[in-house]
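Fold and contact review
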Amino acid sequence: MVLEGNPEVGSPRNSNLRHPGSQGSCVLSSPGEDAQPDQEPIKYGELIVLGYNGCLASGDKGRRRSRLALSRRPHANGVKPDVMHHISTPLVSKALSNRGQHSISYTLSRSHSVIVEYTHDSDTDMFQIGRSTENMIDFVVTDTSPGGGAAEGPSAQSTISRYACRILCDRRPPYTARIYAAGFDASSNIFLGERAAKWRTPDGLMDGLTTNGVLVMHPAGGFSEDSAPGVWREISVCGNVYTLRDSRSAQQRGKLVENESNVLQDGSLIDLCGATLLWRTPAGLLRAPTLKQLEAQRQEANAARPQCPVGLSTLAFPSPARGRTAPDKQQPWVYVRCGHVHGYHGWGCRRERGPQERECPLCRLVGPYVPLWLGQEAGLCLDPGPPSHAFAPCGHVCSEKTARYWAQTPLPHGTHAFHAACPFCGAWLTGEHGCVRLIFQGPLD
C-alpha cells in the first residue's frame, strides 16, 4: 500500500477549500457553548423549499419539512482537509473502513484512487441536505413536481442525490455560510466514481462534481425590493465556482469563476436537480413580512368587500387555516390574461381551447380562469407590500415586486432547461409577464 502524505492539503490556501462533516441530526433549539440555557440559539439562516407555500402537503415532520432553520450546534462538528493519499484500488475499502475518519475518495482509474482525509474543525458547524433519511442528513428533501407537491409513488424516480450537498457555517461572527456539493454518507465518506467529473487543481489538490450537480444563484442587489436575478453557477465538491456544464450530468466541467465564491447570501437559490431551496439570513428575514402581517393584509382586503362585477356577490380570500381545498362561494377568481377579478361563474367557457379557458365578460380576452390563493410562505416575499398581483396560471397572490422578481427568475428544470415558476406552488409561469395585476371591482381597485 502506497501512502503519500501531502502536508499542503492540511493547510489550504483559501477558505473555499474548507470542508464540513456531519454526524447526527440538525439541532434547531440547543444553545451554543457560549449561550445561557434560557437564551435562544444563534441562528445561521433558514432554508425554504420552493413550491410548498409554508408546509408540505403531508405536513412538516421532523427533518422532512418545507422550511428549516440552521442554528449553532452545542458542539462543533465541522471537518477540514488534512492529508492526501494515493492508493491502489484493492486497498481502497480498507482505507475507507474507519467510520470515524471523514474522507473524500476520487477514483481516477481501476488501479489508482486518491483519498483526502479530513480532521475535526472546531470553528465550524456542518449541515447536510439530501434525499436520504439516514441520520447524517439534517434536511431531507424530495422532488417537487410543477404545480406543488412531491413526486410520489414507486414509479417516481428521484433525481436528487441521497447526499446532495453540505453547508458549512462559521461558529463565530459574522457566521458565514458556505455551500459544497455532495455530503458524507454513513461511512463518513464522499465517493466520486470513475465516471464522475474530477480533476487535479493547479496547486496539486483534487476537486470534482456530483452526477447531477449542485447549482447556486446569488441575486444581484441582495434579496430586497431592488433585487434582480443573478447568474446560475455550479458548485464543486471543494466549494469552487464553475460555469454550467453543457448539460446537467456532462463529464466536462465548466470554466472556473475565480471572482465568485460559495458564500451564501440572503436570497441565494440552491438547486439540487429536483428541488430548489432559498437561503434567507436572519437579517433578511427581519425585513420580510411576518405571518401576522400577511394575515392583516388578508383581513384588510376582505374588509374592503370587493364585489364580483357581474354577479355582484361579495368576495373574500379564505383563511390559510382552511388550506388549499375546493374554493368556497366567496372565493375570488381571476382571468389571468387581463387581471379582472370575479366570483365563480360557469359561463364563457371555450371548450375548444381547454376546460380552464374562459372569455372575460368585461374585456373579452380569453384565457385561464382560476381561483386566487394568497401566498403564505413569508420568506419568499421580497417586501411587505399589499397582495396586488397574481402568478399565471396558478393564481397565487403576493406583492408586485415579489411577483415580478420570481416571474423573471429562471429556475433549473431537467438536464439543461430553465423555467420561471411560482415560488409558492412550483407551477411554470405562462403569458408575456408570468404575472398579472389584479383588478377588483370596488374600493380595492
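Note that the coordinates shown come from a computational prediction; the quantities given were computed from them, not determined experimentally. (Residues numbered from 1 in each chain as written. Predicted model: local features only at pLDDT ≥ 70, side-chain atom pairs only at ≥ 80, totals over all residues. Heavy atoms only, no water.)

A word on the confidence of the model for the protein. Scored by pLDDT, the protein comes out at a mean of 84, with 82% of its residues at no less than 70. The model gives residues 1-33 a pLDDT under 50, and that stretch makes 117 contacts with residues more than four places away or in other chains. (pLDDT = per-residue confidence, 0-100. Contact = heavy atoms within 4.5 Å.)

Another aspect to go through is the packing of aromatic side chains. Under the criterion given, the structure shown has 13 aromatic pairs. Seen in terms of ring centroids, W199 and Y242 are 5.3 Å apart; in terms of plane orientation they differ by 75 degrees. Their pairing is edge-to-face. With W199 in strand β11 (residues 198-200) and Y242 in strand β15 (residues 241-242), this pair connects stretches of sequence that are 43 residues apart. The buried category is assigned to W199, whose relative accessible area is 9%. Three or more aromatic residues joined by ring pairs form one cluster here, namely W333, Y335, Y344 and Y369. Over the face of the ring belonging to W199 we find R253, whose NZ or CZ atom lies 4.4 Å from the ring centre. (Phe/Tyr/Trp six-rings, centres within 6.5 Å; stacked < 30°, edge-to-face > 60°. Helix = DSSP H or I, 4+ residues; strand = E, 2+ residues; numbered from the N terminus. Buried < 20%, exposed > 50% of the residue type's maximum accessible area, 1.4 Å probe, protein only. Lys NZ or Arg CZ within 6 Å of the ring centre and 35° of its normal.)

Look at the link from P173 to P174: it is a cis peptide, with omega at 5 degrees. With respect to the helices and strands, the residue P174 is situated in the loop between β8 (165-170) and β9 (177-181). Here N53, not a glycine, exhibits a phi torsion of approximately 55 degrees, which is positive. Phi at Y175 takes a positive value of approximately 55 degrees, unusual for a residue other than glycine. Tracing the chain through its elements places Y175 in the loop between β8 and β9. Owing to a relative accessible area of 24%, Y175 belongs among the partly exposed residues under this scheme.

Moving on, we come to helix α4 (residues 400-407). Taken together, the buried positions of α4 are occupied by T402, A403, Y405, W406 and A407. Residues of α4 that are buried sit in contact with β13 (214-217), β16 (269-271), β17 (276-280), β23 (389-391), β24 (396-398) and β27 (435-437).

Look at any regular strand and the pattern is simple: side chains alternate between the two faces of the sheet. With respect to burial, β17 is a largely interior element, five of its five residues being buried. Here β17 shows no split at all, with T276, L278 and R280 on one side and L277 and W279 on the other all buried. Across four bridges, strand β1 (residues 43-49) lies against β17 in antiparallel orientation. Paired with E46 across the bridge in β17 is R280. Connecting the antiparallel pair β16 and β17 is a turn made up of four residues, with C273 showing a positive phi of about 60 degrees. (Pairing = 2+ DSSP bridges.)

What follows is about the state of the cysteines. Counted by the stated rule, this structure contains zero disulfides. Of all cysteine sulfurs in the structure, the one in C363 sits closest to C338, which takes part in no disulfide; the separation is 3.6 Å. (Disulfide = S-S within 2.5 Å.)

With that out of the way, let us pick up the sheet that holds strand β5 (residues 112-121). The strand order across the open sheet built from four strands is β3-β5-β4-β10, with neighbouring strands paired in mixed fashion. The open sheet terminates on both sides in strands that have one partner only, identified here as β3 (78-87) and β10 (189-192). When the angles between neighbouring strand axes are averaged without regard to direction, this sheet yields 20 degrees. Bridging between strand β4 (residues 103-109) and β10 involves four bridges; their strand directions are parallel. (Axes fitted to C-alpha atoms, helices over the stretch in contact; angles between N-to-C directions.)

Here we come to the pairing of β8. When you tally the buried positions in β8, you get six out of six residues, the bulk of the element. The pairing of strand β6 (residues 124-130) with β8 spans six bridges and is classified as antiparallel. Bridge pairing in β8 places T124 opposite D170. Pairing of β8 with β9, which is carried by five bridges, proceeds in the antiparallel orientation. Each residue of the ladder has a partner; that of L168, found in β9, is R178. In sequence, β8 turns back onto β9 through a hairpin of six residues, with Y175 there showing a positive phi of about 55 degrees.

A full pass over the atoms with the stated rule returns 15 salt bridges. Measuring nitrogen to oxygen at the nearest pair gives 3.0 Å for the salt bridge that ties R233 to E260. Here R233, found in strand β14 (residues 232-235), pairs with E260, found in the loop between β15 and β16; they are 27 residues apart in sequence, far enough to count as distant. Accessibility expressed as a relative area gives 17% for R233, which makes it buried. Note on E260: relative accessible area 27%, which makes it partly exposed. Measuring nitrogen to oxygen at the nearest pair gives 2.7 Å for the salt bridge that ties R280 to D266. Of this pair, R280 sits in strand β17 while D266 sits in the loop between β15 and β16; the two residues are 14 residues apart in sequence, bridging distant segments of the chain. Taking relative accessible area as the criterion, R280 reaches 1% and is therefore assigned buried. Overall, the relative accessible area of 9% leaves D266 in the buried class. (Salt bridge = Lys/Arg side-chain N within 4 Å of Asp/Glu carboxyl O.)

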